[in-house]
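The lines below spell out each chain.
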Amino acid sequence: MRRSTRAKAHSRSGAIPVKPRHSSDSASSEPARRSANAAETSAFRFKAIDAALLALVLGFALLLIAGTGFANGQELWPMPDAVEYAAMAVNLDRGLGPVLHFAGITYPSRYTIGYPLMLAAAYPLLGRRPERLCLVTALTALVAVAGLYILTLWVFDRPSAVFAGLLLATSPHFLGLSTCVMSDVPSLAVVVLAALAFL
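Residues numbered from 1 in each chain as written. Predicted model: local features only at pLDDT ≥ 70, side-chain atom pairs only at ≥ 80, totals over all residues. Heavy atoms only, no water.

S.K.: Help me understand the overall build of the chain, please; the structure alone is not making it clear to me.
M.R.: Scanning the chain for helices and strands turns up 10 helices and 2 strands. The secondary structure elements of the chain, listed N-terminal to C-terminal, are α-α-α-α-α-β-β-α-α-α-α-α. Put simply, the chain has 199 residues, and 32% of those count as buried. Put simply, 69% of the contacts in the chain that link residues at least 6 apart link residues at least 24 apart. Approximately 12,600 Å² of the chain is accessible, and the part contributed by carbon and sulfur atoms is 66%. (Helix = DSSP H or I, 4+ residues; strand = E, 2+ residues; numbered from the N terminus. Buried < 20%, exposed > 50% of the residue type's maximum accessible area, 1.4 Å probe, protein only. Contact = heavy atoms within 4.5 Å. Areas by Shrake-Rupley, 256 points an atom, 1.4 Å probe, with all protein chains shown as cover.)

S.K.: Can you walk me through the pairing of strand β1 (residues 99–102) in this structure?
M.R.: In this sheet, strand β2 (residues 105–108) lies alongside β1 in antiparallel orientation, the contact comprising 4 bridges. Considered in β2, the bridge of H101 is made with T106. Linking two consecutive strands that pair antiparallel, namely β1 and β2, is a turn of 2 residues; a positive phi of about 55 degrees is found at A103 within it. (Pairing = 2+ DSSP bridges.)

S.K.: I keep staring at the state of the cysteines and nothing clicks. Help me out?
M.R.: A covalent bond bridging the sulfur atoms of two cysteines is what the word disulfide describes. Summed over the entire model, instances satisfying the criterion amount to 0 disulfides. With no disulfide partner, C134 has as its closest neighbouring cysteine sulfur the one in C180, 8.2 Å distant. (Disulfide = S-S within 2.5 Å.)

S.K.: Would you explain helix α8 (residues 158–169) in this entry?
M.R.: Since the α-helix packs 3.6 residues into each turn, any two residues three or four apart lie on the same face. For α8, spanning 12 residues, the distance from its first C-alpha to its last is 17 Å, which sits close to the expected 16 Å at 1.5 Å a residue. Listed in full, the buried residues belonging to α8 are A161, A164, G165, L168 and A169. Burial along α8 is one-sided: seen end-on, the buried residues are contained in an arc of 125 degrees. In α8, the exposed positions that point more than 90 degrees away from the buried face belong to P159, F163 and L167. At its buried positions, α8 is contacted by α3 (48–68), α7 (134–155), α9 (172–177) and α10 (184–197). (Expected span 1.5 Å × (residues − 1). Arc of directions from axis to C-beta.)

S.K.: How should a nonpolar patch on the surface be read in this particular structure?
M.R.: A grouping of F102, I105 and Y107 is seen on the molecular surface, where their side chains present a nonpolar patch of about 290 Å² in accessible area. Structurally, Y107 can be placed in strand β2. For Y107, a relative accessible area of 38% corresponds to the partly exposed category. (Patch = residues over 30% accessible without salt bridge, like charges linked within 9 Å, V, L, I, M, F, W, Y side chains within 5 Å. Salt bridge = Lys/Arg side-chain N within 4 Å of Asp/Glu carboxyl O.)

S.K.: Just to check I follow, could you spell out the nonpolar core for this structure?
M.R.: With 19 residues, the main nonpolar core has Y85, L119, L133 and V181 as its most contacted residues. Listing elements by their share of this core, those giving two or more residues are α5 (81–94), α6 (114–122) and α7. For this core, the element with the highest residue contribution is α5, accounting for 6 residues. Setting aside chain neighbours within four positions, we find L133 in contact with A86, A89, L119, Y123, L126 and V181. (Core = buried A, V, L, I, M, F, W, Y, C linked by side-chain atoms within 4.5 Å.)

S.K.: Would you mind going over the pattern of salt bridges with me for this structure?
M.R.: Enumeration over the complete set of coordinates arrives at 5 salt bridges. Its salt-bridge partner being E84, residue R110 comes within 3.0 Å of it at the nearest N-O pair. Taken together, the residues span a long stretch of sequence, with R110 in the loop between β2 and α6 and E84 in helix α5 at a distance of 26 residues. What emerges from the salt-bridge pattern is a single network uniting D81, E84 and R110.

So, in structure tokens, the structure goes:
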């Protein structure tokens, strides 16, 4: 009698019994959320307006870099760091390895081989003239600006990307090192590209 009375009460009130949620429901929704986030990430599109804005930012950065002058880079300043990088690149090109070779004596270098390899790869294209090695750093500076623009556009939005690109391009420290045979700016470019690769 009590069960029938309760059933009648439920039918009269129109209440529908609610099934409690189980932990399996929340667990099954987690892959759906991940796939939705992956879909949003893959939906990134580099539009024509982004290409135009990036070209303007890179052109502005190139003007600033050229405006700083290449005297320090051509004179392999600051010493002895720039001289050591250039010497390693020249010796790599000659097949002597990433070492310093002066007056018939070979010395081990203080630095890793990454940046000198980059310089050595570009050395034949630069006419095998050490004073032109600073152009490699200037090119990596433009790569860093472009990479930061794309990274910020991917993570945030277009105004933030323009601001980030201009902020880096107008940094005095960045501009000063972008024409020197030093590894600071190329390292920044590598870090930005690595961040893009892992998105």
